[in-house]
Amino acid sequence: MAKFAESPSREAWSKLMRFVPPDHAYLRLRDVIGRLRALRVEGDMIFRCASESGLTPDLIELVEQGGVAVETLVERAAHSGGAKTTYLGLAAEAAFLAGDMLGTVRLLRESMKHENEWCSAEPHVIFIRERAAPEQLDLLDRAGIPRT
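Residues numbered from 1 in each chain as written. Predicted model: local features only at pLDDT ≥ 70, side-chain atom pairs only at ≥ 80, totals over all residues. Heavy atoms only, no water.

J.: I'd like to hear about the pattern of salt bridges, residue by residue, with values.
T.: Counted by the stated rule, this structure contains twelve salt bridges. Between Arg30 and Asp58 there is a salt bridge, with its nearest N and O atoms 2.4 Å apart. Of this pair, Arg30 sits in helix α3 (residues 25–38) while Asp58 sits in helix α5 (residues 57–64), and the two are 28 residues apart along the sequence. A relative accessible area of 31% means that Arg30 is categorised as partly exposed. By relative accessible area, Asp58 is classed as buried at 16%. Through salt bridges that share partners, Arg10, Arg48, Glu52 and Glu75 make up one connected network. (Salt bridge = Lys/Arg side-chain N within 4 Å of Asp/Glu carboxyl O. Helix = DSSP H or I, 4+ residues; strand = E, 2+ residues; numbered from the N terminus. Buried < 20%, exposed > 50% of the residue type's maximum accessible area, 1.4 Å probe, protein only.)

And the structure:
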């Protein structure tokens, strides 16, 4: 793990996770994410590598603590198939945390366009609305972002 922290890359990630048995992959992934965060590995790199297997609560928390850039999330959304709504919603959260309200609205709208029976933009709308100042709530209302 220390080698990955010193020189993080997708190749190093593959080596780190290579011998994990499939029935232990989820728990190992969560453990590795926590350890890498403690070693102060860049959030974007952790997210890029770990999200290839799907999302965990740890990765969502990393986004919601401002540790992942909007661009990283949009890039992941482009390759996510049916989960595009979720990754774009997380990108909207990251934009909101960065103070980019226009980006927030744009990404929430895009997230809502890709909703399906498995993925909804609603958790991301709730995250943003719960933290928004009155003038930001007004902007969300005027932009047609639903109240939940």
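Having seen it, we continue.
J.: I'd like a description of the side chain of Thr72, backed by residues and values.
T.: You can see Thr72 is positioned in helix α6 (residues 70–77). Polar side-chain contacts of Thr72 include one of 2.9 Å to the side chain of Asp44. Sequence-distant contacts of Thr72, defined by excluding residues within four places in its chain, comprise Asp44, Phe47 and Arg48. (Polar contact = N/O pair within 3.5 Å; in protein donor to acceptor, adjacent residues only side chain to side chain. Contact = heavy atoms within 4.5 Å.)

Keep in mind that these numbers describe shape and distance, not what the molecule does.
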